[in-house]
Amino acid sequence: MLRKSLHQLFARYAEYHRHGPLMLRYLSLLGFVFFPAYYLFRFTKSTPGYDDWLLRVVDAAICLALFLRDRWPERLKPYYYPYSYAVLVVTLPFTFVFTSLKNGGGSVAVGNTLMAAFLVLLLSDWRNTAVILLAGIAMATGLYVATDAHPAMPVDYLERFPILLATVVGGSLFKAALEHATAERVRSAYAALAGSIAHEMRNPMAQIKSSLDTIEGLLPRSRRGASQAIASEDLRTLYRQVAEGELAVRRGLQVISMTLDEVNSRPPDPSKFAFLSAAEVCAKAVQDYGYETEAQRERVALNVIKDFTFRGDETAYLFVLFNLIKNALYYLGPYPGTVLTITVDDNQVRVRDNGPGVPPDLLPVLFEPFRSTGKRGGTGLGLAYCHRVMRAFGGEISAASVRGEFTEFTMRFPPVDEAEREEHRRTTIAQARTALAGKRILIVEDDPVQRMATRQKLGLLTMTAELAEAEDGRAALDLLASQRFDVVLLDLRMPGVDGYTVAERIRREPGPNQDVRIMAYTSEPAHLAREKALRVGMDAFVSKPCAQLPLLAALQNLVQERRSVATAQLEQRRILVADDHAFNRKAMTAYLRNAGATVIEAEHGQEVLDHLHRSGTFDAVVLDLHMPVLDGLEVTRMIRSSEAPWAEVPIVAVTARSDESAVAAARAAGMNGFLVKPVEPALLYEELGKLVGQGPAPKRAFSLPPAPLPQPEEGLLNLSRLESYRRLGMLGELLNDYVPEMGRLVARLSVAAGRGDREAAVTVLHSLLGMSGEAGVQALYRKVRQVYVPLLEQQQWPAEGWLADLQQLAERSHEALRAYCAAHAAPAPGSGSGTGPGPGAPPARQA
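Let me sum up the structure you'll find in this document. All figures in this text were calculated on a predicted structure; none of them were measured in a lab. (Residues numbered from 1 in each chain as written. Predicted model: local features only at pLDDT ≥ 70, side-chain atom pairs only at ≥ 80, totals over all residues. Heavy atoms only, no water.)

Glancing now at the nonpolar core. Residues Y317, V349, F393, M411 and F413 are the most contacted members of the largest nonpolar core, which totals 47 residues. For this core, the elements supplying multiple residues, two or more each, are α10 (278–288), β2 (300–306), α12 (314–329), β4 (340–345), β5 (348–353), α13 (381–392) and β7 (406–412). The biggest single contributor to this core is α12, with 11 residues. The residues touching M411, leaving out its near neighbours within four places in the chain, are Y317, V320, L321, L324, N347, Q348, V349, V351, M390, E396 and I397. Among the nonpolar cores identified, the runner-up in size contains 38 residues, and M742, L768, A775 and V789 belong to it. (Core = buried A, V, L, I, M, F, W, Y, C linked by side-chain atoms within 4.5 Å. Buried < 20%, exposed > 50% of the residue type's maximum accessible area, 1.4 Å probe, protein only. Helix = DSSP H or I, 4+ residues; strand = E, 2+ residues; numbered from the N terminus. Contact = heavy atoms within 4.5 Å.)

Written out as structure tokens, the structure is:
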């Protein structure tokens, strides 16, 4: 019983210091310095008293040993906490009480003893405080009595013993209450955190269940010996449900990632910052957010007054915007009139809603961790994360609110120097030219105006790459059957043979381009089209309209990702993958085999060692940290301590934990890399590529911004996009080609609507959507999208009067576009210094 009690007592001491090891380091450093230093004060006294130099040397030596813990041999490190316990007993109560008794007490002795008791209170829990003080005092008293010829307890020392006792008892009681309050606060915080995660994950899980139920209902019942077809309308519904399920999964993973980043106080890595367009990232956030209903999607609008460039991490900033969107949409039920507007303007982004507002007393502390505005299931970690990210970007976030009127979050970004922006543009173009040198690119687009615009944007590549065009899917298949291409830039919705069919036939039918890289380039709603495009064999997805630099970067990433990952680094490599969870193991195996690697699987650590002993010729080992029999850390230590040829094999840790202690443990064991579950293929390729590849590590998957989203009708035109066309010398094309074609499309739409021909109307709206967005006619784009998406997804015609409104808006937009082109027809000053279409681009026609 006594042994068990002592074991529990010491376990409390070790746990007390496990999360605050610096306290012992600071104590040991102070002891090493001040024990010898204070010895010098004895020479300033007329009666020096007891000469305790030997005791001070011993105290300084044991403090130094405690401070140098990191240099201890591995076999001694497990004894660190017992040793530190003994150091506390000896250096504090024992030393100060013994020297006080030897010097006959006095006010200085009493003060030193009280100081020692106070330090012990700080350095241990209340139970061990009592044990350390009693043990030290007993040892000091016993040694004093044994070594002094005439031992006597000093009267003043005894008189002040009740003060010492009150200090110890009161301090222990206070410490116990403080520990209880801290534990309760941590328990409440973690309970709230767990509740928040459960609340946030409930909606994605419900969406996945709903999608699976719908899919199950659409699948035909199995009949023996009979093959059954799925109706085309049901097939479209299946793809939509799969896409919505994928979106729900991404939303759930985003919630987990954001929560873990904030709990671990992990800011974005500045080394991964890139130049980003505020308008494009905001558009991506509005497009990719996991809305629960289409009604929610319609309540969020993007207003670009003046786009700007900032340096940051796209994923981190998307999480910031997702959190602000989520906070606003939370109140859509009780406040059905809630509208959220994201405004981009001159180095700041404002997120404003007309919901219930924030109480004034919460505004000053809104961005502190675990602060919540009272939402059910909320913890306040989201806004703390937003604050941390904006500080990492060199900017700031603030909030303003009036109860019952509005809440507005303003994110201010440091300005990017014009010279730095221009250098970024030149670097992006130069990198794209280098990556695409010698490549043959096929542009497949049925709209001649959009085909010309795409070629104009890629004109800068004609010095090093070759561009070809196909006016529809049939023409593309004919070209692909006879000529070799490296990249196909493919529109999805085309008459006759659409983009999906083109991609499917390329992948299915033998030919010179079966492994060509295919990029979907479309104005189809990304949340519906992306999943289907990737499933039929396309490699990437980009939404129209897309600015020049992002399009070039997407093409560069497309060719580099294939070359550096699949062939140059992991192809023909032998990789050992160990994870006790079969699904995780199979997923990583599939990723690596898809990259050309040979993969051997293991279920636990002992099986890893068996494989190494039988055939140690592995290029890398991927180890789960938590496995039965032998975990990842134990296996790594055994591999590193062996003298076999495979002792230095690169090892990558895989775990669901991402805290600093897990990373440090993996590094200390000898692991070379670290990945967090669920493992993304691009990150797995990158981490292994750095360890086994001879060339540069593959870049992470690059995701381009989707098409601009509906914007509040602040203005008819997107001036930022038109300004980029002015610099490229493309205003003539806008006026001579886009305006007449949009007029013809509006006329065709009127005919289709008059006949009630939904399919024809969808086809026309698709073309008008892409053209209006590409031309920068933002108000018309918004109106067309409001009609197109419900007609495409729910087969529902809009309310009466929609056609007349659209026709009037188109006419006003065309007049505004003509006026802009007339006012800006002259070339911009200095437009010839690298901002034009570049060598090889078609000459721009003047308005």
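This is not the end of the story, as more comes after the structure.
What follows deals with empty space enclosed by the protein. A full pass over the atoms with the stated rule returns seven cavities of 30 Å³ or more. Of the volumes computed, that of the second largest cavity is approximately 60 Å³. Taken together, 11 residues make up the lining of the second largest cavity; nearest its centre are E445, Q450, D491, H766 and S767. The element that contributes the greatest number of residues to the lining of the second largest cavity is helix α27 (residues 758–775), accounting for three residues. When the residues that make up the lining of the second largest cavity are grouped by side-chain class, the tally is no nonpolar, five polar and six charged. (1 Å grid on protein atoms, 1.4 Å probe; cavity = no way out; pocket = protein on both sides within 12 Å on 5 of 7 lines; lining within 4 Å. Points joined across faces, edges and corners; volume = space filled by probe spheres on them. Nonpolar A, V, L, I, M, F, W, Y, C, P; charged D, E, K, R; others polar.)

Let's shift gears to the packing of aromatic side chains. Per the counting criterion, the structure on display carries 24 aromatic pairs. Judged by centre distance (6.3 Å) and plane angle (55°), the ring pair of Y317 and F393 falls under tilted. Of this pair, Y317 sits in helix α12 while F393 sits in the loop between α13 and β6 (396–402); the two residues are 76 residues apart in sequence, bridging distant segments of the chain. Taken as a pair, Y317 and F393 share a single burial class, namely buried. A ring pair is formed by W797 and W802, whose centres lie 6.2 Å apart and whose planes are at 35°; its orientation type is tilted. With relative accessibility at 34%, the residue W797 sits in the partly exposed group. Here the aromatic residues F273, F308, F310, Y317, F393 and F413 are joined through ring pairs into a cluster of three or more. When the ring centre of F67 is taken as reference, the NZ or CZ atom of R25 above it lies at 4.7 Å. Above the face of the F275 ring, R311 is positioned so that its terminal group lies 5.8 Å from the ring centre. (Phe/Tyr/Trp six-rings, centres within 6.5 Å; stacked < 30°, edge-to-face > 60°. Lys NZ or Arg CZ within 6 Å of the ring centre and 35° of its normal.)

Our next topic: the pattern of salt bridges. Side chains that differ in charge, positive against negative, can pair when their charged atoms come close. In this structure the tally under the stated criterion is 22 salt bridges. When salt bridges with common partners are traced through the structure, they connect R25, R69 and D70 into a single cluster. (Salt bridge = Lys/Arg side-chain N within 4 Å of Asp/Glu carboxyl O.)

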